[in-house]
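Remarks on the overall topology
Residues per chain are reported as follows:
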Amino acid sequence: MARKKIIAGNWKMNMTPSQAVELVNTLKPLVANDDVDVVFCVPAIDIIPAMEAAKGSNIHIGAENMYFEEKGAYTGEISPAMLVDAGVKYVIIGHSERREYFAETDETVNKKVLKAFEHSLTPIICCGETLTQREQGVTIDFVRQQIKIAFLNVTAQQAASAVIAYEPIWAIGTGKVATTAQAQEVCKAIRDCIAEIYDEATAAAIRIQYGGSVSASNASELFAQADIDGGLVGGASLKPDFGQIVNY
């Protein structure tokens, strides 16, 4: 069975609630494509207004992050139950910016992944190397380590429903894009890693996105690769271009 492509926009720290509604309304007709899963991962404060604006469309609203505890004295955090109650289906976990600026580690990513599955949320699990790591030839080893720790104690059934986003850190927002061959090579290595942890069937089911300066001009070539099942799109998800990426 062919894997359904999944194109997710990561809005990062952009768009006020009223701007979010405006953007959803602008993009709604442009991303109307039932052949792919379309997800807008938006700032927490935008989730509910964006959800309202997206009603009746093919757009799923996702979150950019969540905490790994059910509730409690964690000022400023969002719990999985809050996301579920708001109607969220997807949550980005372990984005390189979260790792870099907010001290997230492979271990906290794993805790969040387990907690997401507990609440039937689909995690979009991020991995990717720095420019130094790529230049030193440790990309595959490094990404495999991130994946192995992220999936610790995750069942095969859970893993099959997960989404992995491979984003080379050196290509995020820089305009530099991994070549199609580079992107495919790492996405294949990730799938092989999942096959090692679980089995071929799980590896064949899991969806792997490429992220890092995805644009309307390179989307169709990237998404045509055997192991690339869509994209996690940053800057371009805030513009009408996102419609062209979804309809690649």
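All of the points below concern the structure found in this document. Because the structure is a prediction, the values reported are computed rather than measured.

Each value, and the rule that gives it
Residues numbered from 1 in each chain as written. Predicted model: local features only at pLDDT ≥ 70, side-chain atom pairs only at ≥ 80, totals over all residues. Heavy atoms only, no water. Salt bridge = Lys/Arg side-chain N within 4 Å of Asp/Glu carboxyl O. Helix = DSSP H or I, 4+ residues; strand = E, 2+ residues; numbered from the N terminus. Buried < 20%, exposed > 50% of the residue type's maximum accessible area, 1.4 Å probe, protein only. Pairing = 2+ DSSP bridges. Axes fitted to C-alpha atoms, helices over the stretch in contact; angles between N-to-C directions. Contact = heavy atoms within 4.5 Å. Polar contact = N/O pair within 3.5 Å; in protein donor to acceptor, adjacent residues only side chain to side chain.

1. Some words on the pattern of salt bridges
As enumerated under the stated definition, the model contains 15 salt bridges in all. Across the pair Arg-3 and Asp-229 runs a salt bridge, and its minimum N-O distance is 3.0 Å. With a gap of 226 residues between them, Arg-3 in the segment before β1 (5–10) and Asp-229 in the loop between α11 (219–223) and β8 (230–233) connect regions that are remote in the sequence. Note that Lys-188 and Asp-192 form a salt bridge whose closest N and O atoms lie 2.9 Å from each other. With a gap of 4 residues between them, Lys-188 and Asp-192 both fall in helix α9 (residues 180–197), about one helical turn apart. Judged by relative accessible area, Lys-188 falls into the partly exposed class, the value being 40%. Ionic contacts of the salt-bridge type, sharing partners, join the residues Arg-3, Arg-191, Asp-227 and Asp-229 into one network.

2. Describing the sheet that holds strand β5 (residues 122–127)
Taking strand neighbours around the barrel as the criterion, the 8 strands line up as β1-β2-β3-β4-β5-β6-β7-β8 in a closed arrangement whose pairing is parallel. Adjacent strand axes in the sheet meet at a mean angle of 25 degrees, parallel and antiparallel pairs treated alike. Pairing analysis gives 5 bridges linking strand β2 (residues 36–42) to strand β3 (residues 59–63), with the strands arranged parallel. Bridge pairing in β3 places Val-42 opposite Ala-63. Set on the sheet, helix α7 (residues 139–150) makes contact with β5 and β6 (163–166); between it and β5 the angle comes to about 150 degrees. Sitting on the sheet, α9 is in contact with β5, β6 and β7 (207–211), with an inclination near 145 degrees to β6.

3. A closer look at the environment of Gln-209
Along the chain, the position of Gln-209 falls in strand β7. Overall, Gln-209 belongs to the buried group, its relative accessible area being 0%. Sequence separation between Gln-209 and Ala-103 is 106 residues; the distance between their C-alpha atoms is 24 Å. Other than its neighbours up to four places away in sequence, Gln-209 contacts Ile-6, Ile-7, Ala-8, Ile-124, Val-163, Ile-164, Ala-165, Tyr-166, Cys-187, Gly-230, Gly-231 and Leu-232. In terms of polar contacts, Gln-209 uses its side chain to reach the backbone carbonyl oxygen of Gly-231, at 3.2 Å.

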